[in-house]
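# Structural overview for review
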Amino acid sequence: MKNLVFILLTFLYFTISHTEQDKYQKDRHQMVANQIAARGINDKNTLKAMRNVQRHQLVPQEQVENAYEDRPLPIGHGQTISQPFIVGYMTEIINPRSGMKVLEIGTGSGYQAAVLAEIVDEVYTIEIVEPLYKTAKSNLNNLGYNNIKMKHADGFYGWEEHTPFDAIVVTAASEFIPPPLIEQLKEGGKMVIPVGAPFTAQHLMLVEKKKDGKWKTKNLLPVRFVPFTRN
Ligand code: SAH
């Protein structure tokens, strides 16, 4: 009897939580169609991942209703979750596929990490603000992302033990490209990073490390990110 009650309750729990999640599925699909695909993002992996990740489960309670809007949102501690289009753009540019190992600097809400984790094999992500690290860790665990490894640290130094990375995604604006990150990028790998002084004109840049270890940069588009901070 006890077992039966347990099974019934489990069933009920999953039915209710599933219905709750699906409440935003339409919004999410519309977001991908209108904000992402309509603006030229056409990488299938990126679009599929963004259709899957429950952005509303990664934002603070008071932002849930705004989760699929076309703008960044505050996530506390003076930080923001990027506008969905920017996440799509940064994801597509590294050409993500299964088998890859990607490093992200600036976990924030965990949304970018989740989008990457839908596609690649391993995601490593670093956050400097401890409460954000803790919240993202718990939210990503609840959503079942077990291929994301997180740490609370200054991302300037990258994550030496897991080097080299096929790609690196930096989601806070730095005045220069941190040299340890270039070192930890695999030859042939790509890094995308906003570069510029805080609160002034910044540019999203693509860094490509060539087979001979040399690297070249390309200016992609003007952006506005929160600053890359140091401890
Ligand atoms: N990728 C995030 C965007 C977060 S905003 C998302 O999808 O929600 C940028 C984040 O970078 C902030 O949370 C900020 O605290 C963090 N950050 C800034 N400087 C950092 C550093 N040196 N190392 C690690 N994280 C940093």
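The sections below set out a description of the structure shown in this document. (Residues numbered from 1 in each chain as written. Predicted model: local features only at pLDDT ≥ 70, side-chain atom pairs only at ≥ 80, totals over all residues. Heavy atoms only, no water.)

## Observations concerning the site of the ligand
- Neighbouring residues of the ligand: 25 residues in total, closest Glu104, Ser109, Glu127, Gly155 and Thr229.
- In this structure, Gly106 approaches the ligand through a main-chain N or O atom, which is 2.9 Å from a nitrogen atom.
- At a separation of 2.6 Å, an oxygen atom of the ligand approaches a polar side-chain atom of Glu127.
- Coverage of the ligand by the protein amounts to 99% of the 580 Å² it exposes when considered alone.
- Mapped onto the shell around the ligand, the elements with two or more residues apiece are strand E2 (79-81), strand E3 (101-105), helix H5 (111-119) and strand E4 (122-127).
- Top contributing element to the shell around the ligand by residue count: E2, with 3 residues.
- Residue classes in the shell around the ligand are distributed as 12 nonpolar, 10 polar and 3 charged. (Near = heavy atom within 4 Å. Polar contact = N/O pair within 3.5 Å; in protein donor to acceptor, adjacent residues only side chain to side chain. Areas by Shrake-Rupley, 256 points an atom, 1.4 Å probe, with all protein chains shown as cover. Helix = DSSP H or I, 4+ residues; strand = E, 2+ residues; numbered from the N terminus. Nonpolar A, V, L, I, M, F, W, Y, C, P; charged D, E, K, R; others polar.)

## Thoughts on the pairing of strand E8 (residues 202-209)
- Of all 8 residues in E8, 6 are buried; the element is thus mostly enclosed.
- Where strand E7 (residues 185-195) lies against E8, 6 bridges are found, and the strand directions are antiparallel. Paired with Met191 across the strands is Val207, a residue of E8.
- A loop of 6 residues connects E7 with E8, the two strands running antiparallel in sequence, and Gly196 in this loop sits at a positive phi of about 150°.
- When E8 meets strand E9 (residues 215-223), the two strands line up antiparallel, connected through 8 bridges. Across the sheet, His203 pairs through a bridge with Pro222, a residue of E9.
- What sits between E8 and E9 in their antiparallel hairpin is a turn of 5 residues, with Gly213 showing a positive phi close to 85°. (Buried < 20%, exposed > 50% of the residue type's maximum accessible area, 1.4 Å probe, protein only. Pairing = 2+ DSSP bridges.)

## Re helix H6 (residues 130-142)
- For H6, spanning 13 residues, the distance from its first C-alpha to its last is 18 Å, which sits close to the expected 18 Å at 1.5 Å a residue.
- Taken residue by residue, H6 has Leu132, Tyr133, Ala136, Asn139 and Leu140 as its buried positions. End-on, the buried residues of H6 take up no more than an arc of 140°, which puts them together on one face. Those residues of H6 that are exposed and angled more than 90 degrees off the buried face are Lys134, Asn141 and Asn142.
- Residues of H6 that are buried sit in contact with strand E1 (73-76), E2, H5, E4 and strand E5 (148-152).
- Among the residues trailing H6, Gly144 stands out with phi positive, at a value near 85°. (Expected span 1.5 Å × (residues − 1). Arc of directions from axis to C-beta. Contact = heavy atoms within 4.5 Å.)

## Details of unusual backbone geometry
- Following Thr163, the chain continues into Pro164 via a peptide bond in cis, with omega recorded as 0°.
- A positive phi is found at His77, a non-glycine position, where the angle reads about 60°.
- You can see His77 is positioned in the loop between E1 and E2.
- Phi at Asn95 takes a positive value of approximately 55°, unusual for a residue other than glycine.
- Along the chain, Asn95 turns up in the loop between helix H4 (84-93) and E3.
- For Asn95, a relative accessible area of 37% translates into the label partly exposed.

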